[in-house]
Amino acid sequence: MYYPLSQITSNLYTNGNEFIYLNNKLPYIGHYWKTSSGKYYTGKTPQDTPTEEIILFVDSIQPQTTPVFPLDTNTYYNQDEAISIEYLTITNPPPPSLIPNYSPNIPTQNDYQIGEYRRYFCKKTNEIIYLEISKDTYDKLVSKDSKILYQLYQPFNLPWQLTGDKSQVFITNKNITELTSQQQKLPMLSEYLRNDFTKYYK
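We now turn to the structure provided with this report. (Residues numbered from 1 in each chain as written. Predicted model: local features only at pLDDT ≥ 70, side-chain atom pairs only at ≥ 80, totals over all residues. Heavy atoms only, no water.)

## Describing the overall build of the chain
(1) Moving on: Broken down by element type, the chain carries four helices and nine strands.
(2) Moving on: When each of the 202 residues of the chain is scored for burial, the buried share is 30%.
(3) Moving on: Summarising the internal contacts of the chain: among those between residues at least 6 apart in sequence, 54% fall at separations of at least 24.
(4) Moving on: When the accessible surface of the chain is summed, it comes to about 13,000 Å², and 51% of that surface belongs to carbon and sulfur atoms. (Helix = DSSP H or I, 4+ residues; strand = E, 2+ residues; numbered from the N terminus. Buried < 20%, exposed > 50% of the residue type's maximum accessible area, 1.4 Å probe, protein only. Contact = heavy atoms within 4.5 Å. Areas by Shrake-Rupley, 256 points an atom, 1.4 Å probe, with all protein chains shown as cover.)

## Considerations on the sheet that holds strand E3 (residues 40–42)
(1) Moving on: Overall, antiparallel pairing links the four strands, which are arranged E1-E2-E3-E4 in a closed barrel. For this sheet, the mean inter-axis angle between neighbouring strands, taken without regard to orientation, is 50°.
(2) Moving on: Here seven bridges tie strand E1 (residues 8–21) to strand E2 (residues 27–35), and the two strands are oriented antiparallel to one another. The residue of E2 that forms the bridge with Thr 9 is Lys 34. (Pairing = 2+ DSSP bridges. Axes fitted to C-alpha atoms, helices over the stretch in contact; angles between N-to-C directions.)

## Focus on the pattern of salt bridges
(1) Moving on: Per the counting criterion, the structure on display carries five salt bridges.
(2) Moving on: When the shortest N-O distance is used, the salt bridge between Lys 124 and Glu 127 registers 3.2 Å.
(3) Moving on: We classify Lys 124 as buried; its relative accessible area is 2%.
(4) Moving on: Of the residues examined, Glu 127 reaches a relative accessible area of 19% and is grouped as buried. (Salt bridge = Lys/Arg side-chain N within 4 Å of Asp/Glu carboxyl O.)

## Topic: the pairing of strand E7 (residues 116–124)
Strand residues, when the strand is regular, have side chains that alternate between the two faces of the sheet.
(1) Moving on: The element E7 is largely enclosed, with a buried count of seven among its nine residues.
(2) Moving on: Counted along the chain from E7 to the antiparallel partner strand E8 (residues 130–133), the turn is five residues long.

## A short note on the sheet that holds E8
(1) Moving on: With antiparallel pairing, the three strands of this open sheet are ordered in space as E8-E7-E9. At either end of the open sheet lies a strand with only one pairing partner, and these are E8 and strand E9 (153–161). Here the average twist between neighbouring strands, direction ignored, is 30°.
(2) Moving on: For E7 and E8, the ladder comprises four bridges, and the chain directions are antiparallel. Residue pairing across strands places Cys 122 opposite Leu 131, the latter belonging to E8.
(3) Moving on: Strands in contact with helix H2 (residues 135–142) are E7, E8 and E9; relative to E9, the strand with the most contacts, it is inclined by about 135°.

## What to know about the packing of aromatic side chains
(1) Moving on: All told, the structure shown has 12 aromatic pairs when counted by the stated rule.
(2) Moving on: With 6.2 Å between their ring centres and 85° between their planes, Tyr 117 and Tyr 200 make a pair best called edge-to-face. With Tyr 117 in strand E7 and Tyr 200 in the segment after helix H4 (189–192), this pair connects stretches of sequence that are 83 residues apart. The pair formed by Tyr 117 and Tyr 200 is uniform in burial state, with each residue classed as buried.
(3) Moving on: With a centroid separation of 6.1 Å and 85° between ring planes, the pair formed by Tyr 130 and Phe 156 is classed as edge-to-face. A residue pair is termed long-range when its members are at least 10 positions apart, and Tyr 130 in strand E8 and Phe 156 in strand E9 qualify at 26 residues. Side by side, Tyr 130 and Phe 156 carry an identical accessibility label, which is buried. (Phe/Tyr/Trp six-rings, centres within 6.5 Å; stacked < 30°, edge-to-face > 60°.)

## A word on the side chain of Lys 124
(1) Moving on: Inspection of the secondary structure assignment puts Lys 124 in strand E7.
(2) Moving on: Aside from chain neighbours lying at most four places away, what touches Lys 124 is Ile 29, Gly 30, Ile 129, Leu 152 and Tyr 153.

Written out as structure tokens, the structure reads:
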């Protein structure tokens, strides 16, 4: 797909609740670019493939132009022909699903007494973007709760050592992170954690 630079605006970003994919109507979060004709596509630029067309959420809601029979109905009486027509009452669309936000699970005093606990994360399925999240958000993603955009995120967790010999804690957490990264195909996970494998150590 080629467009002259004068006909596109590139490297835009949406946090969600704004665009949906044209083909499957799922919400879209991430970089996008638009053309001078008002069309929108995924990626930072036309060369950032694969490229899919997205549309504004409000553009996907089409007004009802003909009677629909019958769900929740009201009755309209034609004064000239005295014909009763049942039609569907158009209700508001459901509110958009929530987006995971940064909310790390901080270890408690009881966790320090045990010596370890779990950290919870998610990764965007189509980008190398990680987010540390709460256990509640993690559980919603795992259970595919309709209140959250589970379709766009891969949840995972890390058992995390908190106490003991500091050098051994570093090695243990580093090995667990690298093993999880390999098994669950999570590239650059250590870089996201800034190689800080003694975070929360006491």
